[in-house]
Amino acid sequence: MRVATGGPGKAAEFWARRGTIVLGGLTVASLAVLVVLGLFVSDPDYQQGDAVRLMYLHVPAAWIAYLAYGVTSLASALYLWKRTRSPAWDTLAGASAEIGVLFTGLTLVLGSLWGRPVWNVWWAWDARVVSTAVLFFLYLGYLALRRVPADPAVRARRSAIAALAAFVDVPVVHFSVEWWRTLHQKGSVFNRELNPTIQGNLAWALLSGVFAFTCLYLYLLERRYQLAVMEEAIEERALEAAIAERRAEADVPPVRVPS
Amino acid sequence: MSVEGGTTGPPGLARQVLLVAGKDLRIEARSRVALNQVLPFAGVILLLFAFALDPDRGLLPRVAPGLFWVAVLLSGLLAISRAFAVEGENGVRDALRLSGLDGAAVFCGKALAVAAQLLGLEVVLGFGVVVLYDLHLHNLVVVVVASLIATAGIAAAGTVYGVLAAGLRVRETLFPLLVLPVVAPVMLGATRAWEAALNGAPSEAWPWVQLLAVFGVIYVTMGWLAFGPLLEET
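Quick caveat, the model's predicted, so the values are computed rather than measured.

1. Digging into the environment of B:Ala165
Residue and element names in this part refer to chain B.
Piece 1. The residue Ala-165 is located in helix H6 (residues 140–165) in this model.
Piece 2. Sequence separation between Ala-165 and Phe-84 is 81 residues; the distance between their C-alpha atoms is 9.0 Å.
Piece 3. With sequence-adjacent residues up to four places away left out, Ala-165 is seen in contact with Arg-171 and Phe-175.

In structure tokens:
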């Protein structure tokens, strides 16, 4: 996956690029299908009217957020496990977490936009909403930790442990918030029935949304990963240049200080 | 790895835990940072809550459990930061690494010291909410058990994230961001357990106490496994 300079790397690079283009094309096409299905083909909901169309974005975004965190955790675990340790897992974990945070934020914003016409509020203290918000901050912290400059191996190990520590927290957060809302106010307005059994063209639109967003996730992940690899290469090169410069300095005759 | 002379091996795990906890508590007893800074800080938080919510006699007692735990968390952050700041001075961290103590024991010792300080903080803050917010304590057993388990959870999670952030230049700002979302369930569980106990429905508190226990077990295990490698490399 490193930037290849020739030989067999060239062919791999060619096919990797070809794969990216295909994936990108698939993403654009499936998003176009989603637009058509979501905006024109699917019927408005009998209760929510056209507001239900936000579901085709909101639910896939939430799915991608979970998928992305799952990938981050898996990659972190693979990094920590000695037999599979490779810096590539660390890079993948970071790339996936970034996309995860992006889509968690998107889920919250879309949910808020959806909540306004349906629940009449921008924000409801619903269990899922709250646990998603906690998730958002958990991984924002993880990304902040990743950005702290350190030796790559140290940073990778530290980040991997932080990712797993955050990941094991997710079910606890989920249950606590779920109980909080159910033990505390039974039969709230914001119950789960807002998600009626989906059928017909609504289901197809939702399915196409999930597919399109999954393609988008894979595409973004691949791009972000490559970007990270290039960033690392630049860093390495800058370091080498700086070392060369220092070496050259030593060869320069000392400057005479006028007395 | 062994004590000089070689006749005695390294001390047992429990002894190692107590050594580390004793070291931290001794530093605390001598420097009095928790007593002179963290505790007054917690008191100020209690005052500020009253200012923000208007000491209307009806509102404060009702929200007191939540305010209590927020105050514990915020001042606890300072205590945990402090527990790792002392490692940064005079190369203590290197000394700890070279001491041959088990990473898990260092974790438990530090968490134990933090928990002891948090408990002291909670006693004083509890006294504060009773006096200042006019809170009436009932079902003390439930309250105490919930608080003990919650404290263990906060101390364990705080110690895991404390060592993650320790030694970083941005640790003061990064540490709260890392640890507060993680301990959100503790805050929620402890508050609800207190509320249930104080409202005379202690049976409703037990699910929360169980949740707190699960959280505590998860982070103690996490710290047990991860602390050694983190201490080695950061």
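2. Examining the confidence of the model for chain B
Piece 1. The share of residues in chain B with pLDDT of 70 or more is 94%, and the mean pLDDT across the chain is 86.
Piece 2. Residue range residues 1–7 of chain B is modelled with pLDDT below 50. Its contacts to residues more than four positions away, or to other chains, number 6 contacts.

3. Observations regarding a negative patch on the surface
Piece 1. Together, A:Glu231, A:Glu235, A:Glu236 and A:Glu240 make up a region of like negative charge exposed at the surface.
Piece 2. Within the secondary structure layout, A:Glu231 lies in helix H6 (residues 200–251).

4. Regarding empty space enclosed by the protein
Residue and element names in this part refer to chain B.
Piece 1. Inspection of every chain in the model, using the stated rule, returns 4 cavities of 30 Å³ or more.
Piece 2. Its boundaries defined by the atoms lining it, the largest cavity holds a volume of some 70 Å³.
Piece 3. For the largest cavity, the full set of lining residues is Asp-24, Ile-27, Glu-28, Ser-31, Arg-82, Ala-83, Val-86, Ala-113, Val-114 and Gln-117.
Piece 4. Looking at the lining of the largest cavity, the elements that each hand over two or more residues are helix H1 (13–31), helix H3 (59–88) and helix H5 (103–132).
Piece 5. Sort the elements by how many residues they give to the lining of the largest cavity and H1 lands first, with 4 residues.
Piece 6. Per-class residue counts for the lining of the largest cavity are 5 nonpolar, 2 polar and 3 charged.

5. Quick notes on the environment of A:Thr132
Piece 1. Mapped onto the secondary structure, A:Thr132 falls in helix H4 (residues 127–147).
Piece 2. Once residues within four sequence positions are removed from consideration, A:Thr132 is found in contact with A:Thr104 and A:Leu108.

6. Thoughts on the environment of B:Ala213
All names here are of chain B.
Piece 1. In this structure, Ala-213 sits in helix H9 (residues 202–233).
Piece 2. Overall, the relative accessible area of 29% leaves Ala-213 in the partly exposed class.
Piece 3. Between the C-alpha atom of Ala-213 and that of Ile-149, which follows or precedes it by 64 residues, the distance is 6.0 Å.

7. Some words on the interface of chain B and chain A
Piece 1. Chain B puts 27 residues into the contact, and the matching count from chain A is 30 residues.
Piece 2. Roughly 2,400 Å² of surface becomes buried between chain B and chain A when both sides are summed, with 78% attributable to carbon and sulfur atoms.
Piece 3. Between chain B and chain A we count 0 salt bridges in total.
Piece 4. Between the two partners, chain B and chain A, sit 1 residue pair in polar contact (both at pLDDT 80 or more).
Piece 5. Going through the elements one at a time, H6, helix H7 (171–182), helix H8 (184–198) and H9 of chain B are the ones with two or more residues in the side of chain B that touches chain A.
Piece 6. With 11 residues, H9(B) is the single largest residue contributor to the side of chain B that touches chain A.

8. Some details on the pattern of salt bridges
Piece 1. The final tally for this structure, using the stated rule, is 11 salt bridges over all chains.
Piece 2. For the salt bridge of A:Glu98 with A:Arg224, the shortest nitrogen-to-oxygen distance reads 2.6 Å. Of this pair, A:Glu98 sits in helix H3 (residues 87–119) while A:Arg224 sits in helix H6, placing them 126 residues apart in sequence.
Piece 3. Here the salt bridges do not stand alone but share partners, grouping B:Lys23, B:Asp24, B:Glu87 and B:Lys110 into one network.

The rules behind the values
- Residues numbered from 1 in each chain as written.
- Chains lettered and ligands numbered in written order.
- Predicted model: local features only at pLDDT ≥ 70, side-chain atom pairs only at ≥ 80, totals over all residues.
- Heavy atoms only, no water.
- Helix = DSSP H or I, 4+ residues; strand = E, 2+ residues; numbered from the N terminus.
- Contact = heavy atoms within 4.5 Å.
- pLDDT = per-residue confidence, 0-100.
- Patch = residues over 30% accessible without salt bridge, like charges linked within 9 Å, V, L, I, M, F, W, Y side chains within 5 Å.
- Areas by Shrake-Rupley, 256 points an atom, 1.4 Å probe, with all protein chains shown as cover.
- Salt bridge = Lys/Arg side-chain N within 4 Å of Asp/Glu carboxyl O.
- Lys, Arg positive; Asp, Glu negative; His and termini not counted.
- Charge placed at Lys NZ, Arg CZ, Asp CG, Glu CD.
- 1 Å grid on protein atoms, 1.4 Å probe; cavity = no way out; pocket = protein on both sides within 12 Å on 5 of 7 lines; lining within 4 Å.
- Points joined across faces, edges and corners; volume = space filled by probe spheres on them.
- Nonpolar A, V, L, I, M, F, W, Y, C, P; charged D, E, K, R; others polar.
- Buried < 20%, exposed > 50% of the residue type's maximum accessible area, 1.4 Å probe, protein only.
- Buried area = accessible area lost by both parts, 1.4 Å probe.
- Polar contact = N/O pair within 3.5 Å; in protein donor to acceptor, adjacent residues only side chain to side chain.

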